[in-house]
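Here's the letter readout for the chains.
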Amino acid sequence: MRRYWYSCKLLSDVVLHQSSATEANLTTLDYIPGSVFLGVVAKKYSNFGKNSFDVFHSGKTVFGDAHISENTQYSLKSPLSWHLKKGDSISGSEVKIHNYPLLLEDKIERFIKEGVQLKQVRESYFLQKDDAISTLKQKHRYSQKSAYDSAKRKSEDSKMYGYNGFIKGSDWVFYIQFDNSVSEETISQVDREICGYHYIGRSKTSQYGEILVKKIEQKTDFSALNSFKLLDLKDKNGKKHIFLYALSNIALVDDETGFSTAIPTIKNLELPESCEIDLSKTQIRVRRYRSYNFKRESREFERLIIEKGSVIAIKIDDNFDFGNYSKTLERGVGAFLCEGFGKFLVNPQFLVKECLESAKKDDSEKNSSEQIDISKLNSDEKILVKWLQKEDKNRDNEVKLLEDVLDFIKYNYSNLKKATLSQWGQIRAIAGKDDECKIYDKLFKDDDANPENSGYCVHGVAKDQWKPSLDVFKKKVKEYVCKKNDDKKEDDFRFGKLKQFLVLLSMEISKKMKQEKKKGGK
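## Some words on the packing of helix α1 (residues 34–42) against helix α4 (residues 184–194)
Consideration 1: In contact at an axis separation of 9 Å, α1 and α4 are set at 100 degrees when each is read in the N-to-C sense. One way to sum up the angle between α1 and α4 is to call them roughly perpendicular. Residues F37, V40 and V41 of α1 form the contact with α4, whose own contacting residues are V190, E193 and I194.
Consideration 2: Along the lines of polarity and charge, the residues of the contact of α1 with α4 split into five nonpolar, no polar and one charged.

In structure tokens:
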């Protein structure tokens, strides 16, 4: 196999959706599919003559997905086996990342006793530097649009729409892989067609989709990430484990029906019959979509795929042939190999350790694409930059606050809904009129000598309704309580946000209770 690497610079915003549909709330992809680059080359399909089958259909030529990059390094999708303590962010400094399948039962029990909840890491990409994990994030920009009524020279009524795309200026990296049987002439022809200026994604004829592709020197070797280490996970039959990490999307095919399937089996993963899939330690995400073929001007058959970042646990014998299976994986597993599908890694370093840690970040560290030399700005520009930085931080904190509220409701709703709508309205009223440092006492102060001075949730008629959720509610509010001598820092999104938390919590719970009541729920 020969693999060549290319950089992809976005010269304008690029819109790429998970679905080819044109209506409803569409989710934006977090990568640029290999099929996009295949399509760029396929515009000159007829120029390849007899070699067109080798390039576009045989799987001998693979157009890999483009991932967000840093210094031309190819990032990887975070494995679904990675879990963080709820409240932590993988982009934070020195955050512990737990490989859930490797956690011992006693450690899980300790987390439960301590009230620690683990959440799965999903929408992020990372680079591994030594033993530290450095995350990269794609930035999006939403633009509201409207159809134009040329007769009335105004926006057309009832025809609003929006695009959410990757922002221009971001750098991506992808590869094209050729089988040894593909001629040098064909490789050179593909290289000529892929390099240069192109338009991809939605709305290419207006303001979106311009990219510049260049060939780069890149030494990334995926096979070097494999580690042929047998993991002893205390299987009752004495078998050892390996983990398969989905480097790309995987399109498996059911041998009996010929249709797409999201169920991995020993046969469709091309494993020896002595192996066994351990579903208890397997974590996958699936997605279905239909791609659009511009040449035929029609949609293809629906695809059911296992998303990149999925982790499949395999029980194996001691005589498992790693070398032979790694060659199988180098070629690819499943269908649509020419679009970059079917790539696995075996026991990559970031899956064989129980605990990893995100890279330490300096407070002064900034993304090179956003770095501004303030000394070169005039006084008005400095004020504007500082205001923008503050607004950006406030926006991020608002998102984290809402996510924290929704997570709290998700895991505790069965008890929180025991309180009535009017009681949640009273919580909102207390949050609105009282000083933040007094709110905790207003809610939870327990004064047996003077019951009338007790908090709202621990006395009177409301006491019985709040009892099922009192402990978790009290613990959550404590996380937001502002004290002069505590160790909470101002860069914590919860700092000084107790009022907003309680208002949001009461609003979201009331909304959910009303929706449940409307549907006839109890």
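## Digging into the sheet that holds strand β25 (residues 344–346)
Sheet strands pair by backbone hydrogen bonding; their relative direction is either parallel or antiparallel.
Consideration 1: Sheet architecture is open: four strands sit in the order β19-β24-β16-β25, paired in antiparallel fashion. Here the strands that pair on one side only, and so sit at the sheet edges, are β19 (276–277) and β25.
Consideration 2: Where β19 and strand β24 (residues 311–316) come together, two bridges link them in antiparallel fashion. Bridging from a neighbouring strand, E276 pairs with K315 of β24.
Consideration 3: Each of β16 (240–246), β24 and β25 touches helix α5 (residues 322–331); the most contacted strand, β25, lies at about 160 degrees to it.

## Topic: the side chain of S469
Consideration 1: Note on placement: S469 falls in the loop between α9 (462–466) and α10 (470–480).
Consideration 2: Setting aside its immediate chain neighbours within four residues, S469 contacts N415 and L416.

## Comments concerning the pairing of β24
Consideration 1: With respect to burial, β24 is a largely interior element, six of its six residues being buried.
Consideration 2: Here β24 shows a buried face lined by V311, A313 and K315 and a second buried face lined by I312, I314 and I316.
Consideration 3: In this sheet, β24 lies alongside β16 in antiparallel orientation, the contact comprising six bridges. Note on β24: the bridge partner recorded for K240 is I316.

## Side note on the pattern of salt bridges
Consideration 1: Per the stated rule, a full pass over the model turns up 24 salt bridges.
Consideration 2: For R3, the salt bridge goes to E330, with nearest N and O atoms at 3.4 Å. Of this pair, R3 sits in strand β1 (residues 2–10) while E330 is found in helix α5, placing the two residues 327 residues apart along the sequence.
Consideration 3: As a salt-bridge pair, E156 and K159 come within 3.1 Å of each other at their nearest N and O atoms.
Consideration 4: In this structure E156 comes out as partly exposed when scored by relative accessible area, which is 27%.

## Section: the packing of helix α6 (residues 379–416) against helix α11 (residues 498–518)
Consideration 1: For the pair α6 and α11, the least separation of the axes is 10 Å and the interaxial angle reads 50 degrees. In this view, α6 runs oblique relative to α11, as classed from their interaxial angle. The two elements α6 and α11 meet at a crossing, and its hand is right-handed. Between α6 and α11, the contacting residues are L401, L402, D404, V405, L406, F408, I409, Y413 and L416 on the first element and Q500, F501, L504, L505, E508, I509, K512, M513 and E516 on the second.
Consideration 2: Each residue belonging to the contact of α6 with α11 can be placed in one class, and the counts come to 13 nonpolar, one polar and four charged.

## With respect to empty space enclosed by the protein
Consideration 1: Applying the stated rule across the entire model yields two cavities of 30 Å³ or more.
Consideration 2: In this structure, the largest cavity encloses a volume near 40 Å³.
Consideration 3: If you trace the largest cavity, you find it lined by K77, S78, L80, R122, R285, E307, K308 and G309.
Consideration 4: Partitioned by chemical class, the residues of the lining of the largest cavity number one nonpolar, two polar and five charged.
Consideration 5: As a volume, the second largest cavity reaches approximately 40 Å³.
Consideration 6: Around the second largest cavity, the lining residues are G64, D65, H67, Y74, Y175, L247, S248, K308 and G340.
Consideration 7: The class makeup of the residues in the lining of the second largest cavity is three nonpolar, four polar and two charged.

The rules behind the values
- Residues numbered from 1 in each chain as written.
- Predicted model: local features only at pLDDT ≥ 70, side-chain atom pairs only at ≥ 80, totals over all residues.
- Heavy atoms only, no water.
- Axes fitted to C-alpha atoms, helices over the stretch in contact; angles between N-to-C directions.
- Helix = DSSP H or I, 4+ residues; strand = E, 2+ residues; numbered from the N terminus.
- Parallel < 35°, antiparallel > 145°, perpendicular 65-115°, else oblique.
- Contact = heavy atoms within 4.5 Å.
- Nonpolar A, V, L, I, M, F, W, Y, C, P; charged D, E, K, R; others polar.
- Pairing = 2+ DSSP bridges.
- Buried < 20%, exposed > 50% of the residue type's maximum accessible area, 1.4 Å probe, protein only.
- Salt bridge = Lys/Arg side-chain N within 4 Å of Asp/Glu carboxyl O.
- Left-handed = near helix turned anticlockwise from the far one by under 90°.
- 1 Å grid on protein atoms, 1.4 Å probe; cavity = no way out; pocket = protein on both sides within 12 Å on 5 of 7 lines; lining within 4 Å.
- Points joined across faces, edges and corners; volume = space filled by probe spheres on them.

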